[in-house]
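Summary of the model geometry
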Amino acid sequence: MSFLTVGHRGVMGVEPENTLRSFVRAEREDMDQIELDLHLSKDGALIVMHDVKVDRTTDGSGLIGDFTLDELRDLDAGHGERIPVFEEVLDAVTKPIQAEIKDVAAARVLAGVMRERDLVERVDVLSFHDEALAEIRELLPDARTVLVAQGPMGSEIVTRAQAVGARLVSLSLRRISLALVQECHRAGISVISWTVNTPADLALARALGLDGVVTDMPAVKRAVEGGLTDW
């Protein structure tokens with residue numbers, strides 16, 4: 001694949017993360033893909049938010065799973081934005097989506113939406129949770145899965161990715177070694193890293209031979225397109 005630039009929670013460096021405003025901005029900045037995070041509300045809606053609690057990114061307090069969708073709608077997610085559900089993001093932008101399962105229970109609900117809306121070609125499913133990716137593959141054998149990891153990294157990354165059918169891994173830039181990237185590539189697994197926000201980060205990603213980056217900043221996409229080493 002060509003070098004992939006993924007907008008992290010939209011473009012959270014310049015817009016409120018995981019909001020429609022952020023996703024629309026990511027599309028306008030021509031990110032190749034848009035990444036978002038999924039939890040389930042108390043009444044089973046696919047809520048787009050990173051943390052298990054609403055405290056950091058809204059004016060509310062408490063666990064997402066303790067709120068109904070209507071209650072979550074009352075919260076301000078930044079600049080007057082409301083917390084979106086997954087389906088709203090699909091309707092707001094046209095770019096491919098990387099949907100990260102934060103709550104393992106969300107896997108079955110996500111699979112249902114993907115089946116109903118025929119999203120296998122548009123949505124890649126990511127997770128730190130191997131069991132969530134395995135369930136997605138069981139429910140949707142043709143789905144593209146992406147293993148996310150940040151802890152100690154060695155050959156087990158390749159083994160885990162192969163076990164859940166992932167042809168792409170998304171790894172912390174600070175944990176990746178050149179040897180691991182090469183081992184992944186030999187196994188036919190592509191590697192992207194997060195979070196790449198500076199010229200030095202991008203230079204490291206290039207030096208490691210990565211296949212793409214996850215970024216908060218629109219400037220990274222422009223640098224990739226223009227072959228820039230500074231901005």
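Here, every reference points to the structure presented above.
The structure reproduced in this document is the subject of the present report.

Both faces of the sheet carry side chains from a regular strand, because those side chains alternate between them. Within strand S2 (residues 33-40), eight of the eight residues are buried, leaving the element largely enclosed by the surrounding structure. The side-chain alternation of S2 yields two buried faces, one formed by Gln33, Glu35, Asp37 and His39 and the other by Ile34, Leu36, Leu38 and Leu40. Relative to S2, strand S1 (residues 4-7) runs parallel, the two being bridged by two bridges. Pairing of glycine 7 across the sheet is with isoleucine 34, part of S2. For S2 and strand S4 (residues 97-101), the ladder comprises five bridges, and the chain directions are parallel. The residue bridging glutamate 35 from the neighbouring strand is glutamine 98, located in S4. The pairing of S2 with strand S3 (residues 46-48) spans three bridges and is classified as antiparallel. By the bridge assignment for S3, leucine 40 is matched with leucine 46. With antiparallel pairing between neighbouring strands as the criterion, S2 and S3 make up a hairpin whose turn holds five residues, including glycine 44 at a positive phi of roughly 85°.

As for its placement among the helices and strands, histidine 39 is situated in strand S2. The spacing of histidine 39 and glycine 212 is 173 residues in sequence and 26 Å in space, taken between C-alpha atoms. Residue contacts for histidine 39: discarding those within four places in its chain leaves Ala45, Leu46, Ile47, Met49, His50, Asp51, Val52, Ile64, Lys102 and Asp103. A distance of 3.5 Å separates the side chain of histidine 39 from the backbone oxygen of methionine 49, its partner in a polar contact.

Each value, and the rule that gives it
- Residues numbered from 1 in each chain as written.
- Predicted model: local features only at pLDDT ≥ 70, side-chain atom pairs only at ≥ 80, totals over all residues.
- Heavy atoms only, no water.
- Buried < 20%, exposed > 50% of the residue type's maximum accessible area, 1.4 Å probe, protein only.
- Helix = DSSP H or I, 4+ residues; strand = E, 2+ residues; numbered from the N terminus.
- Pairing = 2+ DSSP bridges.
- Contact = heavy atoms within 4.5 Å.
- Polar contact = N/O pair within 3.5 Å; in protein donor to acceptor, adjacent residues only side chain to side chain.

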